[in-house]
Amino acid sequence: MMCGELPFLINETYQLFLIILHIFSNMQRKNLTVIVIILILMCGVGIVIIGMNYDSQDEMAAASGEYTLDTNYTSEELQDMYRKYNITENDIKFANNELPNFLEGTILSSDYQVLVTEDGKPPEGMELGKDYDIIITEAEMISIIEKAETDYISKYGVDPSNPKLDEVNGYLIPSEEVAKLFYSVN
């Protein structure tokens, strides 16, 4: 179960509670009390079921963002990892946002308001010059992005859609090592 599902489930349970309460509002007080007790028990069971979906306290902490990986690397250790995973200077610059955005120089990274639609036609009520400057199809947008990625890889040797480094506790660590760190903790 994903972390983001919990507020949704609580909201849905509350909505169901209100609907049932409305339905039974004309019942006698004794019956209404029984229904409310049953609903409270159902909510408690739901919370227990949600809690059972987590394998451990560690997983709950990781899901809530409370988890921190214990990382301490010397410069030499980082350099060894960079050599092991063929990390280049440009990979490091990319991770530090020191290289230009891969879409720079395309219409998607310009001062124009670009409207992308499935068929290249503006939705009803949108005006050229007011709501958008240029309209393109989704296929054209994907083509622009793919060409920009290819050009970026040729120029910098870095795939912007698959960076090799992740930042963990201030260290730029190869993605493979981050995965190892994460799985070693669980």
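Counting restarts for each chain, with residues numbered from 1 along the sequence as it is written. Residues qualify for local features only when their pLDDT is at least 70, as the model is predicted, and side-chain atom pairs are given and counted only at 80 or more; totals for whole chains, interfaces and linings, by contrast, use all residues. The basis for every side-chain value is the complete set of non-hydrogen atoms in the structure, without hydrogens or water.

Looking now at the overall build of the protein chain. Starting at the N terminus, helices and strands are each numbered in turn, a helix being any DSSP run of H or I of at least four residues and a strand any DSSP run of E of at least two. Helix and strand counts for the protein chain stand at seven helices and four strands. The secondary structure elements of the protein chain, listed N-terminal to C-terminal, are α-α-α-α-α-β-β-α-β-β-α. Of all intrachain contacts in the protein chain linking residues separated by at least 6 positions in sequence, the fraction that spans at least 24 positions is 52%. Each accessible area value is a Shrake-Rupley result obtained with a 1.4 Å probe; residue values ignore everything except the protein chains displayed when judging cover. Of the roughly 13,500 Å² of accessible surface on the protein chain, a fraction of 55% belongs to carbon and sulfur atoms. Only heavy atoms enter the contact rule, under which two residues are in contact if any of them lie within 4.5 Å.

Moving on to the nonpolar core. We call a set of buried Ala, Val, Leu, Ile, Met, Phe, Trp, Tyr and Cys residues a nonpolar core when their side-chain atoms join them within 4.5 Å. Note on exposure labels: buried denotes an accessible area under 20% of the residue type's maximum, exposed denotes more than 50%, and partly exposed covers the range between, all computed with a 1.4 Å probe on protein chains only. Counting 14 residues, the largest nonpolar core has Tyr73, Leu78, Tyr82, Ile87, Ile92, Leu165 and Ile173 as the members making the most contacts within it. Put simply, the parts of the chain that give this core at least two residues each are α4 (75–84), β3 (165–168), β4 (171–174) and α7 (175–185). Those residues in contact with Leu165 that lie beyond four places of it in its chain are Tyr82, Ile87, Asp91, Ile92, Ala95, Leu172, Ile173, Pro174 and Ser175. Counting residues in hydrophobic clusters, the runner-up holds five residues, among them Phe94, Tyr152, Tyr156 and Val158.

Right, let's get into the packing of aromatic side chains. Only the six-membered ring of Trp is used, alongside the rings of Phe and Tyr, when aromatic pairs are assigned; centres must lie within 6.5 Å, and planes under 30 degrees apart are stacked while those over 60 apart are edge-to-face, with the rest tilted. Inspection of every chain in the model, using the stated rule, returns four aromatic pairs. Ring centres of Tyr73 and Tyr171 lie 5.5 Å apart, and the angle between their planes is 85 degrees; on these two criteria the pair is classed as edge-to-face. A residue pair is termed long-range when its members are at least 10 positions apart, and Tyr73 in the loop between α3 (57–64) and α4 and Tyr171 in strand β4 qualify at 98 residues. For the ring pair Phe102 and Tyr152, a centre distance of 6.4 Å and an interplane angle of 75 degrees mean the geometry is edge-to-face. Of this pair, Phe102 sits in the loop between α5 (89–95) and β1 (114–117) while Tyr152 sits in helix α6 (residues 138–156), and the two are 50 residues apart along the sequence. Given the relative accessible area of 21%, Phe102 is considered partly exposed. Ring-pair connections join several aromatic residues into one group, and the members of that group are Phe94, Phe102, Tyr152 and Tyr156.

The next subject is α6. For α6, which comprises 19 residues, the first-to-last C-alpha distance of 26 Å matches the rise-based estimate of 27 Å (1.5 Å per residue) to within 8%. Here α6 has its buried residues at Ala148, Glu149, Tyr152 and Tyr156. Take α6 and look down its axis: the buried residues cluster within an arc of 100 degrees, on one side only. Those residues of α6 that are exposed and angled more than 90 degrees off the buried face are Ala139, Lys147 and Ser154. Following α6 by one or two positions, Gly157 adopts a phi angle in the positive range, close to 75 degrees. One less than the residue count of a helix, multiplied by 1.5 Å, gives the span that helix is expected to have. As used here, the arc belongs to the directions running from the helix axis to the C-beta atoms.

Moving on, we come to the side chain of Asp91. Position of Asp91 among the secondary structure elements: in helix α5. Here a polar contact is taken to be a pair of N or O atoms separated by no more than 3.5 Å, where protein atoms must pair a possible hydrogen donor with a possible acceptor and residues adjacent in sequence count only if both atoms sit in side chains. At a separation of 2.9 Å, a polar atom in the side chain of Asp91 contacts the main-chain amide nitrogen of Thr88. Those residues in contact with Asp91 that sit more than four places away from it in its chain are Asn86, Gly157, Val158, Lys164 and Leu165.

With respect to the helices and strands, Thr137 occurs in strand β2 (residues 134–137). Sequence-distant contacts of Thr137, that is, excluding residues within four places in its chain, are made with Val116, Thr117, Glu118, Asp119 and Gly120.

Attention now moves to the pattern of salt bridges. Salt bridge criterion: a side-chain nitrogen from Lys or Arg within 4 Å of a carboxyl oxygen from Asp or Glu. As enumerated under the stated definition, the model contains five salt bridges in all. In this structure, Arg83 engages Asp80 in a salt bridge whose closest nitrogen and oxygen atoms are separated by 2.6 Å. Here Arg83 and its partner Asp80 are both found in helix α4, three residues apart, which amounts to about one turn of the helix. Residue class for Arg83 comes out exposed when judged on its relative accessible area of 55%.

Turning our eyes to something else, we now look at the pairing of β4. Of the two faces of β4, both are covered, the one formed by Tyr171 and Ile173 as well as the one formed by Leu172 and Pro174. Sheet topology places β3 next to β4; four bridges connect them, and they run antiparallel. Bridging across to β4, Val168 finds its partner in Tyr171. Whether two strands pair depends on DSSP finding at least two bridges between them.

Structural measurements only, silent on function.
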